[in-house]
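# Coordinate inspection notes
Here's the letter readout for the chains.
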Amino acid sequence: MKIKSIATMALVWLLSAFSATAADTSVAGLFQLQNSGRLVYNFNEGWRFTLGDAKGASAKDYDDSGWQVVTAPHSLRLEPAEASGCRNYQGVAWYRKHFVMPEALEGKDITLYFEAIMGKQTVWVDGKLAAEHFGGYTPIIINLTKLGIKAGENHVVAVMADNSDDKSYPPGKPQAALDFCYHGGMYRDVWLIGKSNVAITDAVERAQVAGGGVFLHYDDISEAQAKVFADVELGNTSAKAQTASVVAKVKDKDGKIVATMKRSIKVAAGGYATAALSAVVKRPNLWSPETPYLYNVEITVACNGKTVDGGMVRMGIRKAEFRGKDGFWLNGKPYHQLVGGNRHQDFAYVGNALPNSQQWRDAKRLRDAGMNIIRAAHYPQDDSFMDACDELGLFIIVPTPGWQYWNKDPKWGEMVHENTRTIIRRDRNHTSVLMWEPILNETRYPEDFALKALDITREEFPYPGRPVAAADMHSAGVKDNYDVLYGWQDDIGKEGVPTDKCIFTREFGEIVDDWYAHNNLNRASRSWGERPMLVQANSLATSIGEMYHSQRQFIGGCQWHPFDHQRGYHPDPYFGGIYDAFRQKKYAFEMFRSQLTEEPMVFIANEMTPFSDNDVTVFSNCDSVRLTLFEGDKVAVQAVVHDPSDQPNKPLVFKDFWNQMAGREYSYKQRNWQKVSLFAEGIKGGKVVATEKKMPSRRSTKIRLYADTMGKPLVADGSDIMVIVAEITDDNGNVRRLAKDEIKFTVRGQATIVDDGRISANPRAVEWGSAPLLIRSTHMPGDITIIARAAHDGNYAPAADTLTIRSVESDMPACYFDNTSLDVVFGQVDPEEGNAPARMSEEERRRTLEEVNKQQQEFGIQ
């Protein structure tokens, strides 16, 4: 096995450590503070990996020299962009990491922190069993110090991960009957954490009701002041009692201290103690989706005058109230509707293995569409997605893992409850958390389970302003006890529906013909083009209208589902997203913007092709739209209908406004093709405040590259990924939507193409005018040059384009031996045996889909 020398390894982490600044990524609930005494290392790089079982691979001296070297977040196998219907790998896989414990961790209490690994996992350290874990969505925490790990020595961590179907732990449902996929792997971050003998504990690791770690809560919130409480638990691993000073400074966005909390406490040897801190913040900047103001709470722990530990928690101060028939109130005022979407952690090619940058970008994409609430589906999301919701202004509903499955074994319900406790302990400090969903989605469970689940949300958050509990009103124990009821606007006033509970629609937009075929107006692949995407957008516009109601008791809902994603139980991916699996926009994105955002906008949903509708649809949130054809030869103005109890801004349809033959009069007969255009002007208060111009694309002549950064550069940490898009355009830059071509990509410099040769990633077919590419950073910052050319060149093939971007240095020190394999990225071709579950028989498929159909109908999916 070829590995770096210990000296080289030391250089890797020492250089990183000296160049690091305060990271913008939270680790185990805390953002880092410089010189706090707590050390955190990125442990993602340098994992050796093999797909399939490997007998004896838990041993420290096992020969893994032939294994591929990969980086977390990692998916067991790359899959094509359309890989629904159980085409993904399910089974055992192994990870092994050789490393030298950094000498800077000498004398520290060292923890290995896996944010999540899919399925069930067993972990060994230097050949010793260290942990067994069941479930793919919660952390695995291993104390390495207790296992005898020492700084400066060679060590090996081995992980066996298995994402096979298993009914013994949640979610439990076999993937073949599941509306999402158990994409496997070490798909979230891995951290190495070094703490002093006296340090802030981890709430998940401590597993104490409403205890452990840092717990922020509030009371008496108003525009004048807010009471802020910070409960900080310390642990003492030393052999003698310690007296510690705990200080929490609340800083505003400018770094000004607005409140200071402090207390000295005594922590017994091997024991724990909590510092209950409090302060009053005068004239607080209150958090809301429109103004997501976050304070930084910087917490330090000192012993004998020396800082030994610390971390920062972001704090948003807000008051949420659910007032039944009076609706949802925020910060003492009635709030407009909560309208958003559900979110699966699913991305093209890499499954669930999204780095932190893409988690942030997903949240930003949802916020850009105007959404103000996200329902996590159907499991807790990545820590960095939660951080992004706090930052960008997205409320979130956090569920326990589960979907249409109940196991009567008493241990099953207890495992669900334990997941719920873990999730609340992990996410309780996130301002964005508005509701917990502690039950199993679309599942018939007993009443005592539902009531216990509700009690847990109150036990784990026993303070004013707690996130409420939500569940389907038709499930046992819910209607009379839960805080918010999942239902529909037409449930209001029905017999037995309480008036003191707010009603929220968990999934809107679905209008399937039946739950076998899944033909649906709101599902349109971007590759299908203009007409299907327009039908989808209009269908969703009608569904959004249903989220607005004259009665305040109905508070809104979440669309199913803003991103296209893979599914287990159907051969087609879910195509109902307003973005595709690469996060390329569909028409429905612009429709959402027109309904849910205030910044003036206008969008012409017509490409002026020979096959485009004669009717021109325009989405706008302005008061009126003036549409001009042929530079003034035809002009029409329509008022935008604003209906507060239906669609906020009804889409406009300019009847029989365009046809290709009329355009031909100018382009063919007059040789004046430049005049063939549509120009839309959005008007507010008599002034033009937004414009858009569309022209028919002429022949394909060029390729145009852009990087989908959304303001986030590619980070040189070996894990980060970014979408690069190649568009086919005419001479004037108009995208040739009907182009049929294949694009061949070449990448040079500090990135590689995410591809394994079997997923049709490179060359990539052009669909709706573009071909996406996924690139992945190396661990060295520098220039990255992307070249896109026609896969089959010729005199009239579109001209190639070149784009150069630059990756930036990671702000997190890293600890690893082996460099990631550059030939095959993220995945591995199947071994000859055990590469996938056996195919179901026709009878098994029939029974499974009949059961799915029954459950979908039972829960009133509309």
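Predicted, not measured: the structure shown is a model, and the values here were computed from it.

Moving on to the overall build of the protein chain. Secondary structure summary: the protein chain contains 10 helices and 45 strands in total. Judged by the C-alpha coordinates and their principal axes, the protein chain covers about 95 × 65 × 60 Å. Sequence-distant contacts in the protein chain: of pairs separated by 6 or more residues, those separated by 24 or more amount to 72%. Only carbon and sulfur atoms are counted for the fraction: they give 48% of the accessible area of the protein chain, which is about 32,200 Å². One way to put it: in the protein chain the 99 positive side-chain charges average out to a point 3 Å from where the 111 negative ones average out.

As a rule of thumb, nonpolar side chains are buried together in soluble globular proteins. Residues Ile396, Ile439, Tyr482, Ile578, Tyr587, Met591 and Phe592 are the most contacted members of the largest nonpolar core, which totals 63 residues. Listed in part, the 36 residues of the second largest apolar core include Leu216, Tyr218, Ala226 and Ala273.

With that settled, the discussion passes to the confidence of the model for the protein chain. Mean pLDDT over the protein chain stands at 92; residues scoring 70 or higher make up 93%. Scored below 50 in pLDDT, residues 1-22 makes 42 contacts in the model with residues more than four places away or belonging to other chains. Low pLDDT, under 50, characterises residues 822-837; the stretch is placed with 48 contacts to residues that sit more than four places away or in other chains.

According to the stated counting rule, one finds 34 aromatic pairs in the structure shown. Between Tyr587 and Phe603, the aromatic rings sit 5.6 Å apart at their centres with planes inclined by 65°, giving edge-to-face as the arrangement. With Tyr587 in helix H8 (residues 587-596) and Phe603 in strand E30 (residues 602-604), this residue pair connects regions lying 16 residues apart in the sequence. Note on accessibility: Tyr587 and Phe603 belong to one class, buried. Taken together through their ring pairs, the aromatic side chains of Phe43, Trp47, Phe49, Tyr95, Phe99 and Phe114 make up a single cluster. Cation over ring: Lys97 sits above Phe43, and NZ or CZ is 3.7 Å from the ring centre. It is Arg323 that lies over the ring of Trp329; its NZ or CZ is 3.6 Å from the centre.

What follows concerns the environment of Gly370. Relative to the elements of secondary structure, Gly370 occurs in the loop between helix H3 (356-368) and strand E23 (373-376). By relative accessible area, Gly370 is classed as buried at 7%. Ignoring sequence-local partners within four residues, the contact set of Gly370 consists of Val339, Leu596 and Thr597.

Here we come to the packing of H3 against helix H4 (residues 383-392). Contact geometry of H3 with H4 gives a least axis separation of 8 Å together with a crossing angle of 40°. As far as their axial angle goes, H4 and H3 are oblique. Our pair here, H3 against H4, has a crossing hand that is right-handed. Listed contacts from H4 to Asn356, Gln359, Trp360, Asp362, Ala363, Lys364, Leu366 and Arg367 of H3 are Ser384, Phe385, Ala388, Glu391 and Leu392. Within the contact of H3 with H4, the residues separate by chemical class into six nonpolar, three polar and four charged.

Let's shift gears to the sheet that holds strand E6 (residues 120-125). Pairing is antiparallel across the open sheet formed by six strands, whose spatial order is E3-E2-E4-E9-E6-E7. Single-partner strands in this sheet number two, and they are strand E3 (68-70) and strand E7 (128-134). Each neighbouring strand pair of the sheet contributes to a mean axis angle of 25°, computed without reference to strand direction. Here E6 pairs with E7 via six bridges, running antiparallel.

Our next topic: helix H5 (residues 410-427). For H5, with 18 residues, the first-to-last C-alpha span of 26 Å sits near the 26 Å given by 1.5 Å per residue. By the N-cap criterion, in which a side-chain oxygen at the helix start approaches the backbone nitrogen of a residue two or three places on, H5 is capped by Asp409, the distance to Lys411 being 3.0 Å.

Most of strand E13 (residues 225-236) sits inside the fold, with nine of its 12 residues counted as buried. Taken together, the three bridges between strand E11 (residues 198-200) and E13 define a ladder with antiparallel strand orientation. Residue pairing for E13: Ala199 is matched across the bridge by Gly235. Following strand E12 (residues 214-219), the chain reverses through five residues before pairing antiparallel with E13; Asp220 in that reversal takes a positive phi of roughly 50°. For E13 and strand E16 (residues 272-282), the ladder comprises 11 bridges, and the chain directions are antiparallel.

On to the pattern of salt bridges, then. According to the stated counting rule, one finds 47 salt bridges in the structure shown. Arg466 is the partner of Asp483 in a salt bridge, and the nearest nitrogen-oxygen pair spans 3.2 Å. Placement of the pair is Asp483 in the loop between strand E26 (468-472) and strand E27 (484-486) and Arg466 in the loop between helix H6 (447-460) and E26, with a sequence separation of 17 residues. When its relative accessible area of 16% is taken as the criterion, Asp483 is described as buried. Exposure remark for Arg466: the relative accessible area of 22% places this residue in the partly exposed category. Here the residues in one salt-bridge network are Arg375, Glu437, Glu442, Asp472, Arg506 and Glu507, joined through shared partners.

The next thing to look at is the pairing of strand E40 (residues 742-749). For E40 and strand E42 (residues 764-765), the ladder comprises two bridges, and the chain directions are antiparallel. The residue bridging Ile743 from the neighbouring strand is Arg764, located in E42. Examined bridge by bridge, E40 and strand E44 (residues 782-790) share seven bridges and lie antiparallel to one another. Residue pairing for E44: Ile743 is matched across the bridge by Ala790.

Bringing the environment of Met601 into the picture now. Structurally, Met601 is set in the loop between H8 and E30. Linking Met601 and Val689, residues 88 residues apart in sequence, is a C-alpha distance of 7.8 Å. When sequence neighbours within four positions are dropped, the list of residues in contact with Met601 reads Glu590, Arg593, Ser594, Phe619, Ser620, Asn621, Cys622 and Ala690.

Turning our eyes to something else, we now look at the sheet that holds strand E36 (residues 687-694). A sheet is described by the order of its strands in space; here four strands give the open sequence E33-E32-E35-E36, paired in antiparallel fashion. Only two strands of the sheet have a single neighbouring strand rather than two, namely strand E33 (634-639) and E36. On average, adjacent strands in this sheet sit at an angle of 20° to one another, irrespective of strand direction. Bridge analysis of strand E35 (residues 678-684) against E36 gives seven bridges, and the strand direction is antiparallel. Within E36, the position partnered with Ala680 by the bridge is Glu692.

Reading guide: rules and limits
- Residues numbered from 1 in each chain as written.
- Predicted model: local features only at pLDDT ≥ 70, side-chain atom pairs only at ≥ 80, totals over all residues.
- Heavy atoms only, no water.
- Helix = DSSP H or I, 4+ residues; strand = E, 2+ residues; numbered from the N terminus.
- Contact = heavy atoms within 4.5 Å.
- Areas by Shrake-Rupley, 256 points an atom, 1.4 Å probe, with all protein chains shown as cover.
- Lys, Arg positive; Asp, Glu negative; His and termini not counted.
- Charge placed at Lys NZ, Arg CZ, Asp CG, Glu CD.
- Core = buried A, V, L, I, M, F, W, Y, C linked by side-chain atoms within 4.5 Å.
- Buried < 20%, exposed > 50% of the residue type's maximum accessible area, 1.4 Å probe, protein only.
- pLDDT = per-residue confidence, 0-100.
- Phe/Tyr/Trp six-rings, centres within 6.5 Å; stacked < 30°, edge-to-face > 60°.
- Lys NZ or Arg CZ within 6 Å of the ring centre and 35° of its normal.
- Axes fitted to C-alpha atoms, helices over the stretch in contact; angles between N-to-C directions.
- Parallel < 35°, antiparallel > 145°, perpendicular 65-115°, else oblique.
- Left-handed = near helix turned anticlockwise from the far one by under 90°.
- Nonpolar A, V, L, I, M, F, W, Y, C, P; charged D, E, K, R; others polar.
- Pairing = 2+ DSSP bridges.
- Expected span 1.5 Å × (residues − 1).
- Polar contact = N/O pair within 3.5 Å; in protein donor to acceptor, adjacent residues only side chain to side chain.
- Salt bridge = Lys/Arg side-chain N within 4 Å of Asp/Glu carboxyl O.

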